[in-house]
Structure formats: C-alpha cells, structure tokens
Amino acid sequence: MGQYLSAKFLESNENIAWVNYPGLESNKYYSLAKKYLPDGQAGVISFGVKGGKEASKKLMENLKLCHMEIHVADIKTCCLHPASTTHRQLTDEQLKECGVSPDLIRMSIGIEDADDIIEDIEQALRKL
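Residues numbered from 1 in each chain as written. Predicted model: local features only at pLDDT ≥ 70, side-chain atom pairs only at ≥ 80, totals over all residues. Heavy atoms only, no water.

(A) Focus on the overall build of the protein chain. The helix and strand tally for the protein chain stands at five helices and five strands. In the protein chain, the succession of α and β elements from N to C terminus is α-β-α-β-α-β-β-α-β-α. Across its three principal directions, the C-alpha atoms of the protein chain cover 40 × 30 × 30 Å. A buried classification covers 41% of the 128 residues belonging to the protein chain. (Helix = DSSP H or I, 4+ residues; strand = E, 2+ residues; numbered from the N terminus. Buried < 20%, exposed > 50% of the residue type's maximum accessible area, 1.4 Å probe, protein only.)

Here is the structure:
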C-alpha cells in the first residue's frame with residue numbers, strides 16, 4: 001500500500017516530471033498488472049524530477065528517511081539516482097542510449113509508514 005500511495009503522491013506533485021509504477025491507473029501496464037498481480041505490484045517506483053540530473057541529485061541529497069543505496073531491495077525505503085552513482089561515468093547521451101534517463105530515481109518502498117515516506121519526499125522536494 002505504501003508504494004501505491006507514494007506513487008500517487010509523486011504523480012500529483014508539480015516538481016515530478018514522470019512516474020512509472022504499474023499500479024497507477026495512468027501506467028501503460030496497469031491492466032496487465034491488475035491481471036497478473038491482483039494482490040498488488042512490486043515496491044519499486046521509478047520517477048524523474050523536473051530540472052533533470054541536477055534536480056534529481058539534489059532531491060537525493062535532501063532525503064532524510066529514505067536511504068541512498070546502490071541496491072533497491074531492502075526492508076527500509078531505498079533510493080538510487082543512477083546518473084550520479086552507478087552510471088556516473090556516462091554522459092547524458094550514453095545514459096539515454098542504455099535506457100537510463102538523467103533524471104531517473106528508483107525508489108524501493110520499505111516497511112515505513114507511507115505518510116512518513118511521503119513527508120520525506122515532500123520536504124526534499126521543497127528544497128529544490
């Protein structure tokens with residue numbers, strides 16, 4: 001449930017450029033997710049911050065509850081900005097060629113309360 005609420009929050013936030021989560025009605029895979037995953041979708045949300053790579057990097061630096069990790073599968077909420085971490089050696093063009101947008105943030109929702117996760121994202125977005 002936390003991943004759905006977090007994805008809905010991100011989708012409605014004016015600082016977010018895009019959200020990819022199959023549990024959202026707006027997602028192109030929504031009908032497939034409902035069919036094959038009727039009890040809920042995975043806990044990973046991908047999204048982009050308006051302002052590109054630098055804004056996404058700044059968001060990551062401002063998160064307090066969500067942990068910056070190079071993996072995104074844990075009991076705690078973890079985030080990754082590949083363009084400034086695992087793929088930092090690539091140019092923006094090379095990132096796009098391998099399917100990673102410069103603004104991409106991957107967030108794996110943990111067991112924290114959804115309101116706490118949303119509050120953390122919200123406070124980080126206010127600092128952009």
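(B) The arrangement of helix H1 (residues 2-12) in detail. Where H1 is concerned, the buried positions are Gly2, Gln3, Ser6, Ala7, Phe9 and Leu10. The arc enclosing the buried residues of H1, seen along the axis, measures out at 160°, which places them on a common side. Turning to H1, the residues buried within the fold contact strand E1 (16-20), strand E2 (44-49) and helix H5 (114-126). (Arc of directions from axis to C-beta. Contact = heavy atoms within 4.5 Å.)

(C) Quick look at H5. Look at H5: 18 Å from first C-alpha to last across 13 residues, which is about the 18 Å you get at 1.5 Å a residue. Those residues of H5 that are buried lie in contact with H1, E1, helix H3 (52-62) and strand E5 (104-108). The backbone nitrogen of Asp115 lies 2.9 Å from a side-chain oxygen of the residue at the head of H5, namely Asp113. (Expected span 1.5 Å × (residues − 1). Polar contact = N/O pair within 3.5 Å; in protein donor to acceptor, adjacent residues only side chain to side chain.)

(D) Structural view of the state of the cysteines. In this structure the tally under the stated criterion is zero disulfides. Here Cys78 stays unpaired: no disulfide links it, and the sulfur of Cys79, its closest cysteine neighbor, is 7.4 Å away. Its relative accessible area of 0% is what places Cys78 among the buried residues. The thiol of Cys98 is not disulfide-bonded; the next cysteine sulfur, from Cys79, is found 20 Å away. (Disulfide = S-S within 2.5 Å.)

(E) Main features of the environment of Leu10. Following the sequence through the fold, Leu10 ends up in helix H1. Taking the C-alpha atoms as reference, Leu10 lies 18 Å from Pro102; in sequence the two are 92 residues apart. Every residue in contact with Leu10, bar those within four places of it in the chain, is listed here: Ile16, Val19, Ile45, Phe47 and Ile121.

(F) Quick look at the environment of Ile121. Within the fold, Ile121 resides in helix H5. Among the residues examined, Ile121 registers a relative accessible area of 1% and is labelled buried. Measuring from C-alpha to C-alpha, the distance between Ile121 and Ser6 comes to 8.8 Å, with 115 residues separating the pair along the chain.

(G) Structural context of the pattern of salt bridges. With the rule as written, the count across this model stands at four salt bridges. In this structure, Lys8 engages Glu11 in a salt bridge whose closest nitrogen and oxygen atoms are separated by 3.8 Å. Taken together, the positions of Lys8 and Glu11, both in helix H1 and three residues apart, correspond to about one turn of that helix. Between Glu25 and Lys8 there is a salt bridge, with the nearest N and O atoms lying 3.8 Å from each other. With a gap of 17 residues between them, Glu25 in the loop between E1 and helix H2 (30-36) and Lys8 in helix H1 connect regions that are remote in the sequence. (Salt bridge = Lys/Arg side-chain N within 4 Å of Asp/Glu carboxyl O.)

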